[in-house]
Amino acid sequence: MPTKTPYLCPSCAASVTRGPAALRCDGCGRVFSENRGIPAFANPPRVWQKRGVDAALNEAIRQDGFQAATHEHLDERTRGWACNPRRANPLYVANIGPRTKLLDAGCGWGSLTIGIADLVEEVHAIDVSDERLEFIQLWAEHLELSNVHVAKASVLDLNFQQEYFDAVVLSGVLEWTAEFAQSPDPEQTQRDVLHKARSVLAPGGQLLLMIENRLGLPYWLGVPDEHTDMRFITLMPRKAARLFHRIQKQRPYRAYTHTRRWLVRNLLGAGFSHVKTYATLPNYRAPWNVVDMDSPAAWRAFCNSYQLGSGDSLRRRTATSLWQAVQADPDRWRRVVREFAPAYMMVATR
Ligand SMILES: C[S@@+](CC[C@H](N)C(=O)[O-])C[C@H]1O[C@@H](n2cnc3c(N)ncnc32)[C@H](O)[C@@H]1O
């Protein structure tokens, strides 16, 4: 019995149906290939590649099981964030419940997908990395999660039925999108992604956008930008940053992060009606603390309880002194800290 899927054909935007033998476009008849049950709607020539999941790990999972293989192949630090479903905890600030259909766009290793799957009706996880998608598929099978749907599809296209989702997660992805797009203007590519994310959300649905803050305190203290491995680049005016990047890396600078103000302005510009700012600490990859920076009460409570880790480096001592000053007068500093938090989760409501 053919069943409708939420996917749209990237060639003609008609709906896609799952038949007995294949996934097929109802408009142009295009048949979509599947790799180990993962349909491919996009095939970008170049994909994001960083350390981590590879074919050998996935093969080991098939042979030895998920737990044994991840313990054998991944160090503790990597497992601590990449295979940690607790990373999904911040998503609970959104209106998520048993009827929610959620899209994890640019899902990576899938810890957010897996971490939220039990609480929602459906999760769709898309990425352009075959290895990562296979990894999530194996993880979902290991946990017997039948509501996780994995597909190779691009965040640049978001070929899903309009208004299908109640929540869309873009975690650590927006900044990378321009790296693989042809557009001359990275910011325009990112704005287009925000527009597309809004278009697949139902009215009242929410986009959860996790991203480093271009002005984050760690960068002022000399921590290199995660996307370029370059110090101070995000703090420079874009023109200088582009020149600096071209000289150092011999290629254009396109992995832009942003200030909170840019994010709010462009989320509203994409048609979202309301945007809230949460700080994720220590960063979006390890969001063990999520603070509503628009709420003085939440901020005060956080200041009363949060202890900065200790250490002897100059960087750590500087951060500790600053934090002590903030804790002494939280109300005075909330708006300032909001602009310099290391990373954000912006919750934008359609
Ligand atoms: C830093 S990882 C974040 C992964 C995950 N969202 C998380 O928070 O753990 C960025 C991911 O975005 C994916 N990505 C980059 N550009 C993409 C695109 N155009 N379409 C789909 N995925 C993309 C990469 O393959 C990578 O897995």
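Residues numbered from 1 in each chain as written. Predicted model: local features only at pLDDT ≥ 70, side-chain atom pairs only at ≥ 80, totals over all residues.

Caption draft 1: A look at the overall build of the protein chain. Scanning the protein chain for helices and strands turns up 13 helices and 14 strands. Rg of the C-alpha trace for the protein chain: 21 Å, near the compact-globule value of 20 Å for 350 residues, within the 12% margin. Dimensions along the principal axes, computed over C-alpha positions, put the protein chain at roughly 65 × 45 × 45 Å. Each of the 350 residues in the protein chain was classed as buried or not, and the buried ones make up 38%. (Helix = DSSP H or I, 4+ residues; strand = E, 2+ residues; numbered from the N terminus. Rg over C-alpha atoms; globule rule 2.2 N^0.38 Å. Buried ≥ 20, exposed ≤ 12 C-beta atoms within 10 Å, placed from the backbone.)

Caption draft 2: How the structure looks around the nonpolar core. Judged by nonpolar contacts, the single largest core of 73 residues is most densely connected at Val168, Val169, Leu208 and Leu209. Residues lining this core come from more than one domain, with at least three contributed by each of domain 1 (1–32) and domain 2 (38–349). Setting aside residues up to four positions removed in sequence, Leu209 forms contacts with Leu170, Leu174, Leu263, Met345, Met346 and Ala348. (Core = buried A, V, L, I, M, F, W, Y, C linked by C-beta atoms within 7 Å. Domains from an automatic or database assignment. Contact = placed C-beta atoms within 7 Å.)

Caption draft 3: Seen up close, the packing of helix H11 (residues 296–305) against helix H13 (residues 330–340). Packing of H11 against H13 brings their axes to within 10 Å, and their N-to-C directions diverge by 105°. In this view, H11 runs roughly perpendicular relative to H13, as classed from their interaxial angle. Contacts between H11 and H13 involve Pro296, Trp299, Arg300 and Cys303 on the former and, on the latter, Pro330, Asp331 and Arg334. Residues that form the contact of H11 with H13 fall into these classes: 4 nonpolar, no polar and 3 charged. (Axes fitted to C-alpha atoms, helices over the stretch in contact; angles between N-to-C directions. Parallel < 35°, antiparallel > 145°, perpendicular 65-115°, else oblique. Nonpolar A, V, L, I, M, F, W, Y, C, P; charged D, E, K, R; others polar.)

Caption draft 4: Focus on helix H7 (residues 186–199). The first and last C-alpha atoms of H7 sit 20 Å apart over 14 residues, in line with the 20 Å expected at 1.5 Å per residue. Among all positions in H7, only Pro186, Thr189, Gln190, Val193, Leu194, Ala197 and Arg198 are buried. (Expected span 1.5 Å × (residues − 1).)

Caption draft 5: Quick look at the environment of Gly309. With respect to the helices and strands, the residue Gly309 is situated in the loop between H11 and helix H12 (314–328). It is 42 Å that separates the C-alpha atoms of Gly309 and Ser183, two residues lying 126 residues apart in sequence.

Caption draft 6: Fine view of the sheet that holds strand E12 (residues 274–281). As summarised here, the arrangement of the 8 strands in space is E9-E8-E7-E10-E11-E14-E12-E13, forming an open sheet in which the pairing is mixed. Only two strands of the sheet have a single neighbouring strand rather than two, namely strand E9 (148–152) and strand E13 (289–292). Strand after strand, the sheet turns through a mean of 20° between neighbouring axes, direction not considered. As paired elements, E12 and E13 share 4 bridges and run antiparallel to each other. The residue bridging Thr280 from the neighbouring strand is Val290, located in E13. Sheet contacts for helix H5 (residues 130–142): strand E8 (122–127) and E9; angle to E9, the most-contacted strand, approximately 165°. (Pairing = 2+ DSSP bridges.)

Caption draft 7: Local environment of the sheet that holds strand E3 (residues 23–25). Pairing is antiparallel in the open sheet, where 4 strands are placed in the order E1-E2-E3-E4. In this open sheet, the two edge strands, each paired with only one partner strand, are strand E1 (3–8) and strand E4 (31–32). Relative to strand E2 (residues 15–18), E1 runs antiparallel, the two sharing 3 bridges. What sits directly across from Leu8, in E2, is Ser15.

Caption draft 8: Summary view of the domain arrangement of the protein chain. Assigned domains within the protein chain: domain 1 (1–32) and domain 2 (38–349). The centre of domain 1, based on its C-alpha atoms, is set 30 Å off from the matching centre of domain 2. Taken together, the contact pairs 6 residues of domain 1 with 11 residues of domain 2. Residue classes in the side of domain 1 that touches domain 2 are distributed as 6 nonpolar, no polar and no charged.

Caption draft 9: Here's a closer look at unusual backbone geometry. Looking along the chain, the bond that leaves Leu281 and enters Pro282 is cis, with omega of 0°. The backbone of Leu158 sits at a positive phi, close to 45°, despite the residue not being glycine. Residue placement: Leu158 occurs in the loop between E9 and strand E10 (165–171). Leu158 sits in the buried class, given 22 other C-beta atoms within 10 Å. Backbone geometry places Phe232, a non-glycine residue, at a positive phi of 65°.

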